[in-house]
Amino acid sequence: MGSNLLAKGYEPHDVEKKWYRYWEEEGLFDALEENQAQPYAIVIPPPNVTGVLHMGHALNVTLQDILCRYRRSRGDNVLWMPGTDHAGIATQNVVERKLAEQKTDRHALGREKFIEAVWDWRAEYGSAIINQLKRLGASCDWQRERFTMDEGLSRAVRKVFVQLYEEGLIYRGDYIINWCHRCHTALADLEVEHEEIDGHLYHIRYPFPGSDDGLVVATTRPETMLGDTAVAVNPDDERYRGLNATHVVLPLMAREIPIIRDSYVDLEFGTGALKVTPAHDPNDFEIGRRHELPSVKVIGDDGLMTAEAGAFEGQDRFGCRRNVVEALKAQGLLIKIEDLNHSVGHCYRCKTVVEPNLSTQWFVKVKPLAAKAIDAVEAGRTKIIPPNWTQTYYDWMYNIRDWCISRQIWWGHRIPAWTCEDCGEVIVAMEEPTTCRACSGARLARETDVLDTWFSSALWPFSTMGWPDQTKLLKTFYPTSTLVTGFDILFFWVARMMMMGLQFMDDVPFRDVYVHALVRDEHGKKMSKSKGNVIDPLNVIEAYGTDAFRFTLTAFAAQGRDIKMSEKRVEGYRHFINKLWNAARFALMHLETPEDLPTNDQLTVPDRWILSRTRTVVEETAAAIDEYRFNDAAAQLYQFVWHEFCDWYVEMSKPALYGNQGENRARATRGVLWRVLHDMLILLHPLTPFVTEEIWHQLPGAEDSIMRAPFPGDNERLPTLTADPEAEAATATLMQVITGIRNIRGEMNIGPSMKLSVILQSDDNDIRGVVADHRDLVINLARLEDLEVTSTGAKPKASATAVIDKATLYVSLEGIIDFQQEAARLRKEIGKADTELGKLDKKLSNADFLEKAPESVVAKVKRQHADFSDKHKALMSHLERIEALAADG
RNA sequence: GGGCGGUUAACUCAGUGGGAGAGUGCUACCUUCACACGGUAGAAGUCACUGGUUCAAUCCCAGUACCGCCCA
């Protein structure tokens, strides 16, 4: 017996720790800057430095790790670039909360001290998410880990900003933006989450001057009326065709505002009269520009009403709403209040209701950048997988609006712009200027805003590789091979990387974009803290092991469909890991030294069958991973390991391994066992890295890490496996015989300890040959006392019968047969055959089918019909015999 | 309002223009020398509904219903 060092059940925890450390120490994750091998690169979607590992990361990282480990086994020079994102608003919020606990705030600290505090926080907690990624087995090149606020990446950010500014693609202007009063900053359109809210629609009369009559407008935000600068009606609106008045009086403010005509106004909505508030509504802002209306900002950046709000100055915006409504009511100008379910924007970071607000901000003019990004995908230079996301990408790119990139927070890349306090000149530069280039004044004030976090993320594929320097790393690995991401950041991140990559590297950032699903809870709901349905990946890893968890994620990662995750499902795949473990344990008990694969003439039919199947599985697993069909790879390996290797081959190999068939057969079988286990481990390694590495080190002849093992088929030192359809067919026959006998045993309630005698009768020489050649095998697996193979029609009296392709099995049940039971079993089998025959008859009696269907299909149906007829006939005759015997009693 | 996806066994999901699949669960039997996180066998589905194309539709097309997501 060989070494038996493996425990009975697989214990993941120590194994995971041990091998992860080993991989890192051995430098197995490291990419080479220059190498003959084909480069393969992935940049990780950088998790927020404040992040804690969630299911989305787990899936994302698992899939990337599968690709990287697989490509390494194919001999590629793999770079998996890791890092974290400084996550401006999110991180600032976390640190501010911490300050609040200490009864202080950022304003008390001042900008510099606050930023120091953030860096301190990062030093203390910033590696948490990285350590969690390591628990998942992520094989990133950690030596190259980057952070979006690193000096190198900051330089890239400044360079990009300056260059875009000089090309006229960055500008500064007064526009309506989304303002979060809590975070005290502008937000990009994408950063606003819309949510349906039960609100009210207030109908307000704006009287004509000197009249009680007037126009009635409707609004969900009555406090904004204080900043109205016009009322608009549609020029095609019949109701206002004869309107003579040119102005109305703005209630509460006693200000006359003009009535304008603009086709934007919806004829169907409300009264058809629209109040226009250019400072607090994006559409009104556009109307205001068209009609050169003034903008009156009544809600301040602090969420309080401004001096422009007159008597309402200083009130909170929501308190003001109530007060405005009361005041209107008192003046009889509030016509009615309707309930209205409408969508309201919230800050994606803190969920505060955002306010459209007029403000001076920096913008990127994205249309020219988007055009290039569209072309690149249309030309196939970047492929989006699955392809249905391509249209979404185009739609968004075609309708893109300028990107507001300035944020009024402190944590982030400060905009490299200075204003001369003497002459007002704006200077945008990589390094701080000392004097004004226009007036030579020395009083320069730096812009206080920082950049949107996604501005630096957009540069990630090249900034992490050293750009703007022309590094070897960039030369080798840009463009990267694949980007793996969830569709939730397709616009935030992927689209912007495309634009920046094309603009600054003159090439796409990645060849493939693989868009994976979102992980939801077991009922399909989004996981969220407030719903309390969050499953913590680390708890799952603790309970079931990383490999089981990874395999579960992979098995459910079908393209274009969300994953519903529950711990129950992970449990099922833990059983699979344990099954693999025990199969290996069995094999290793018999393997003391590496055994060469014997030549074909020394192999049995089952040997040739499992080797042929191994070859197929190797090819299909490679194809599945190449095409990002991760679930197919997982399903196939599961099926092969459990239901082919374990269920059949291991059982079939036992007599030989235990020496019942001589040392030559034992050695040959060990050779097959070694090879199949060897290939299987390498195939599984990308999905389940830890357990496969652990087993690998017990496999005689396997050298150092499984991470250095070439993919099966790429290894020139091992013989090539060949497809063997003959052996596959013969093995299928043996399986049918064994299953047929087991079926009778099960259906007739005969315990496994009862040894049976079986006669196989067949007119087919091949079938008789195969079964006779593997008599011992059948006896062993079907638990028989005796097996006779014959061509004559000898029918034992008291027997149960199974009809398989071109053969009949008689299971002798002398003395124990229950004729009624056997008759019932046969009738059931006949019923099944009847159903099939009915369907086939119907097809064959259809002249159109015979005429129009392809020949191969017709031939197949005819063959099936003949087979089922034979089976039916045989079953009928057995039934008659059993009924006669039953009558005899 | 616009767009996208889903509806297949009790549950979770694969899948294909030509005989409906898996895992879990369920039932029966079995602690047989890798594994009870196991073995053997079994039961279980009008492939949401209505039309159409086709020799043939669970699959393609159109519409309906319900569920979910994204965008405005």
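Residues numbered from 1 in each chain as written. Chains lettered and ligands numbered in written order. Predicted model: local features only at pLDDT ≥ 70, side-chain atom pairs only at ≥ 80, totals over all residues. Heavy atoms only, no water.

*Asks:* What am I meant to see in the overall build of chain A here?
*Replies:* When its secondary structure is counted, chain A shows 28 helices and 29 strands. By the compact-globule yardstick of 29 Å for 889 residues, chain A is too spread out, its C-alpha radius of gyration being 37 Å. The principal-axis extents of the C-alpha atoms in chain A amount to approximately 115 × 65 × 55 Å. Per-residue burial for chain A yields a buried fraction of 55% across its 889 residues. Sequence separation of 24 or more characterises 77% of the internal contacts of chain A that already satisfy a separation of 6 or more. Summed over its atoms, the accessible surface of chain A is roughly 39200 Å², and 47% of this surface lies on carbon and sulfur atoms. The distance from the centre of the 103 positive side-chain charges to the centre of the 130 negative ones in chain A is 2 Å. (Helix = DSSP H or I, 4+ residues; strand = E, 2+ residues; numbered from the N terminus. Rg over C-alpha atoms; globule rule 2.2 N^0.38 Å. Buried < 20%, exposed > 50% of the residue type's maximum accessible area, 1.4 Å probe, protein only. Contact = heavy atoms within 4.5 Å. Areas by Shrake-Rupley, 256 points an atom, 1.4 Å probe, with all protein chains shown as cover. Lys, Arg positive; Asp, Glu negative; His and termini not counted. Charge placed at Lys NZ, Arg CZ, Asp CG, Glu CD.)

*Asks:* Help me out: how do you make sense of the sheet that holds strand β18 (residues 417-420) in this one?
*Replies:* Strands in a sheet are paired, the pairing made by backbone hydrogen bonds, and the direction either parallel or antiparallel. Taken in spatial order, the three strands of this open sheet run β19-β18-β20, and their pairing is antiparallel. The open sheet terminates on both sides in strands that have one partner only, identified here as β19 (426-428) and β20 (444-446). Pairs of neighbouring strands in the sheet enclose a mean axial angle of 30°, with direction left out of account. Pairing of β18 with β20, which is carried by three bridges, proceeds in the antiparallel orientation. (Pairing = 2+ DSSP bridges. Axes fitted to C-alpha atoms, helices over the stretch in contact; angles between N-to-C directions.)

*Asks:* Where do I start with empty space enclosed by the protein in this structure?
*Replies:* Which parts of space are left empty comes out when a probe the size of a water molecule is rolled across the atoms. Under the counting rule described, the total for this entry stands at one cavity of 30 Å³ or more. Taken as a whole, the largest cavity spans an internal volume of roughly 80 Å³. If you trace the largest cavity, you find it lined by Arg69, Tyr70, Arg72, Ser73, Ile682, His685, Pro686, Ile706, Met707, Ala709 and Phe711. Broken down by element, the residue count for the lining of the largest cavity peaks at four residues, all from helix α2 (residues 55-73). (1 Å grid on protein atoms, 1.4 Å probe; cavity = no way out; pocket = protein on both sides within 12 Å on 5 of 7 lines; lining within 4 Å. Points joined across faces, edges and corners; volume = space filled by probe spheres on them.)

*Asks:* I keep staring at the pattern of salt bridges and nothing clicks. Help me out?
*Replies:* When the charged atoms of two side chains lie near each other, side chains of opposite charge can form a pair. Throughout the structure, instances matching the rule amount to 47 salt bridges. Its salt-bridge partner being aspartate 76, residue arginine 71 comes within 2.8 Å of it at the nearest N-O pair. The burial state of arginine 71 is the same as that of aspartate 76; both residues are buried. The partner of arginine 437 in a salt bridge is glutamate 425, and the shortest N-O contact between them spans 3.0 Å. Placement of arginine 437 in the loop between β19 and β20 and of glutamate 425 in the loop between β18 and β19 is noted, with a sequence separation of 12 residues between them. Look at arginine 437 and you get exposed, because its relative accessible area is 55%. (Salt bridge = Lys/Arg side-chain N within 4 Å of Asp/Glu carboxyl O.)

*Asks:* Would you explain the confidence of the model for chain A in this entry?
*Replies:* Reading predicted coordinates in detail is not appropriate for stretches of low pLDDT. In the predicted model, chain A carries a mean pLDDT of 86, and 97% of its residues have values of at least 70. The ipTM, which scores confidence in the relative placement of chains, is 0.92 for this predicted complex, and the corresponding pTM is 0.85. (pLDDT = per-residue confidence, 0-100.)

*Asks:* Just to check I follow, could you spell out unusual backbone geometry for this structure?
*Replies:* Note: most residues except glycine have negative phi, and most peptide bonds are trans. A cis amide bond links tryptophan 467 to the next residue, proline 468, at an omega of 15°. In this model, tyrosine 478 is joined to proline 479 through a cis peptide bond whose omega is 0°. Positive phi is not limited to glycine here, since leucine 252 has a value of about 70°. By secondary structure assignment, the location of leucine 252 is in the loop between β10 (247-250) and β11 (255-261). One non-glycine residue, lysine 806, lies in positive phi territory at about 60°. For lysine 806, the location among the structural elements is in the loop between β28 (799-804) and β29 (807-812). Overall, lysine 806 belongs to the exposed group, its relative accessible area being 57%.

*Asks:* Can you walk me through the pairing of β28 in this structure?
*Replies:* Side chains on a regular strand alternate between the two faces of the sheet. Burial of β28 is extensive: six of the six residues sit out of reach of the surface. Alternating positions in β28 separate into two faces, Ser799, Thr801 and Val803 on one and Ala800, Ala802 and Ile804 on the other, with burial throughout. Sheet topology places β28 next to β29; six bridges connect them, and they run antiparallel. Along β29, the bridge assignment pairs isoleucine 804 with alanine 807. The turn linking β28 back onto β29 is made up of two residues, and lysine 806 within it adopts a positive phi angle of 60°.

*Asks:* I tried to follow the packing of aromatic side chains on my own but got confused; where do I start?
*Replies:* Geometrically, a pair of aromatic rings is defined through the distance of the ring centres and the angle of the planes. Applying the stated criterion across every chain yields a total of 36 aromatic pairs. Seen from their ring centres, phenylalanine 462 and tryptophan 467 are 5.2 Å apart, and the 80° between their planes marks the pair as edge-to-face. Each member of the pair, phenylalanine 462 together with tryptophan 467, is buried. Taken together through their ring pairs, the aromatic side chains of Phe551, Phe556, Tyr573, Phe576, Tyr638 and Trp642 make up a single cluster. In this structure, arginine 69 is placed above the aromatic ring of tryptophan 23, and the distance from its NZ or CZ to the ring centre is 4.4 Å. The ring centre of phenylalanine 147 lies 3.9 Å from the NZ or CZ of arginine 122, which sits over that ring. (Phe/Tyr/Trp six-rings, centres within 6.5 Å; stacked < 30°, edge-to-face > 60°. Lys NZ or Arg CZ within 6 Å of the ring centre and 35° of its normal.)

*Asks:* Before we go on, may I ask you to explain the side chain of serine 481 in this structure?
*Replies:* With respect to the helices and strands, the residue serine 481 is situated in strand β22 (residues 480-486). Under the relative-accessibility criterion, serine 481 is labelled buried at 15%. Beyond its immediate stretch of four places on either side in the chain, serine 481 contacts Pro39, Tyr40, Ala41, Phe510, Arg511 and Asp512.

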